[in-house]
Amino acid sequence: MKNISRNAPCPCGSGKKYKRCHLKQDQQSQRFQKSSRPGIIIKSKEQVEGIRKSCQLTCRILDLLHEFIKPGMTTDQVNDWVHEYTIAHGAYPAPLNYRNFPKSVCTSLNDVICHGIPDGTVLKDGDILNVDVTCILDGFYGDANRMYPIGEISEEAKKLVHVSKECLDIGIQQVKPFNTIGDIGFAIQQHAEKHGFSVVRDFCGHGVGLEFHEDPQVPHYGNPKTGPVLMPNMVFTIEPMINAGRYESRIMSDRWTAKTVDGSLSAQWEHTVWVTETGVDVLSAPAS
Ligand code: MF3
Ligand code: CO
Ligand code: CO
């Protein structure tokens, strides 16, 4: 959060001094939620436009993957295509060598929650695959992911893929100035649990744009009116991971791949969003 002086006008526009308005709520949220420490970057107009360009390349890659991904293909082939396309368009794949991640994209199959590493695994009929793409274009990060059903998938898998997409959309609907990070997580958790699914706790959305992972953390569970207050020109991701069974995750020996503990299916969708003066602009959505 940018440091606002006590006597400055409250950024909520009430006309009151900050100390007589939202200061207390901000301080409380910082005390109760460890993730809410100062450090959220408020972006300039130029930075938002740079992040948008990067997000639009990410979006184009995710669009093209719907055509490219076929049963019989390996996740390595998906990786190589994304790598080449990214470089050919003047960008760099953020995952490559990020904290020793060895590939250019995350491919998370079936019971993999996130951070799956592309390899020789062959995609087969009935699989559900998440592909998570992050481009760095002119120094700006654009982060988004989608689900790719492989051939014909089960009714249970269809429902999970559909409900997890609704969770992302419902989370985005909570984004406007002076709502909180907790409002987003609460709405997502309500929706997932209403359908008998669970919300992964161990991974969150995040501030993004000038770095891959910035403050704040954006949990996909929680309570209304908690956590950092949303301010115009914050940019962050929302990326709910929803499990058909238990929410707990475990990390494999490759130190990246996170799977469900009970072998149940997991699905995820991600967008990068910009908090505008009046609401939200989804930077990684197809331009209309
Ligand atoms: N793109 C992921 C996210 O949404 C992060 C992947 S980190 C990597 O935050 F190293 F695995 F690429
Ligand atoms: Co992300
Ligand atoms: Co991502």
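Undergrad: With reference to specific residues and values, describe the nonpolar core.
TA: Counting residues in each nonpolar core, the largest one holds 30 residues, and the members touching the most others are Val175, Ile184, Phe236, Ile238 and Ile242. With seven residues, the top contributor of residues to this core is helix H4 (residues 155-173). Not counting chain neighbours up to four residues away, the residues in contact with isoleucine 184 comprise Gly171, Gln174, Val175, Leu230, Phe236 and Ile238. Counting residues in hydrophobic clusters, the runner-up holds 21 residues, among them Tyr85, Ala91, Val133 and Ala144.

Undergrad: Run through the coordination of the cobalt ion (ligand 3), naming residues and quoting values.
TA: Every protein donor of the cobalt ion (ligand 3) is listed here as Asp132 (OD), Asp132 (OD), Asp143 (OD) and Glu270 (OE), and their distances to the metal cover 2.1 to 2.3 Å. Taken together, the six donor atoms coordinating the cobalt ion (ligand 3) span angles of 58 to 170° at the metal, a pattern that classifies the geometry as irregular. On the accessibility criterion, glutamate 270 (1% relative accessible area) is buried.

Undergrad: Got a sec to walk through the site of ligand 1? Specific residues and values, please.
TA: Around ligand 1 there are 14 residues in total, and Pro95, His206, His213, Glu239 and Glu270 lie nearest to it. At 3.1 Å from a nitrogen atom of ligand 1 is found a side-chain nitrogen or oxygen belonging to aspartate 132. When isolated, ligand 1 has an accessible area of 340 Å², and the protein chains bury 98% of it. Of the residues assigned to the shell around ligand 1, the class counts are six nonpolar, four polar and four charged.

Undergrad: Hey, could you go over the pairing of strand E14 (residues 271-275) for me, with residue numbers and the actual values?
TA: Burial runs high along E14: five of the five residues are buried. Burial along E14 is two-sided: His271, Val273 and Val275 facing one way and Thr272 and Trp274 facing the other are all buried. Both strand E9 (residues 235-238) and E14 contribute to a ladder of four bridges, which runs antiparallel. Across the sheet, residue phenylalanine 236 finds its bridge partner in E14, namely valine 273. The pairing of E14 with strand E15 (residues 280-282) spans three bridges and is antiparallel. Paired with tryptophan 274 across the strands is aspartate 281, a residue of E15. Between E14 and the antiparallel strand that follows it, E15, lie four residues.

Calculation notes
- Residues numbered from 1 in each chain as written.
- Chains lettered and ligands numbered in written order.
- Predicted model: local features only at pLDDT ≥ 70, side-chain atom pairs only at ≥ 80, totals over all residues.
- Heavy atoms only, no water.
- Core = buried A, V, L, I, M, F, W, Y, C linked by side-chain atoms within 4.5 Å.
- Buried < 20%, exposed > 50% of the residue type's maximum accessible area, 1.4 Å probe, protein only.
- Helix = DSSP H or I, 4+ residues; strand = E, 2+ residues; numbered from the N terminus.
- Contact = heavy atoms within 4.5 Å.
- Donors = N, O, S within 2.8 Å, 3.2 Å for Na, K, Ca; no water.
- Tetrahedral: all angles 85-135°; square planar, octahedral: opposite > 155°, others 65-115°.
- Near = heavy atom within 4 Å.
- Polar contact = N/O pair within 3.5 Å; in protein donor to acceptor, adjacent residues only side chain to side chain.
- Areas by Shrake-Rupley, 256 points an atom, 1.4 Å probe, with all protein chains shown as cover.
- Nonpolar A, V, L, I, M, F, W, Y, C, P; charged D, E, K, R; others polar.
- Pairing = 2+ DSSP bridges.

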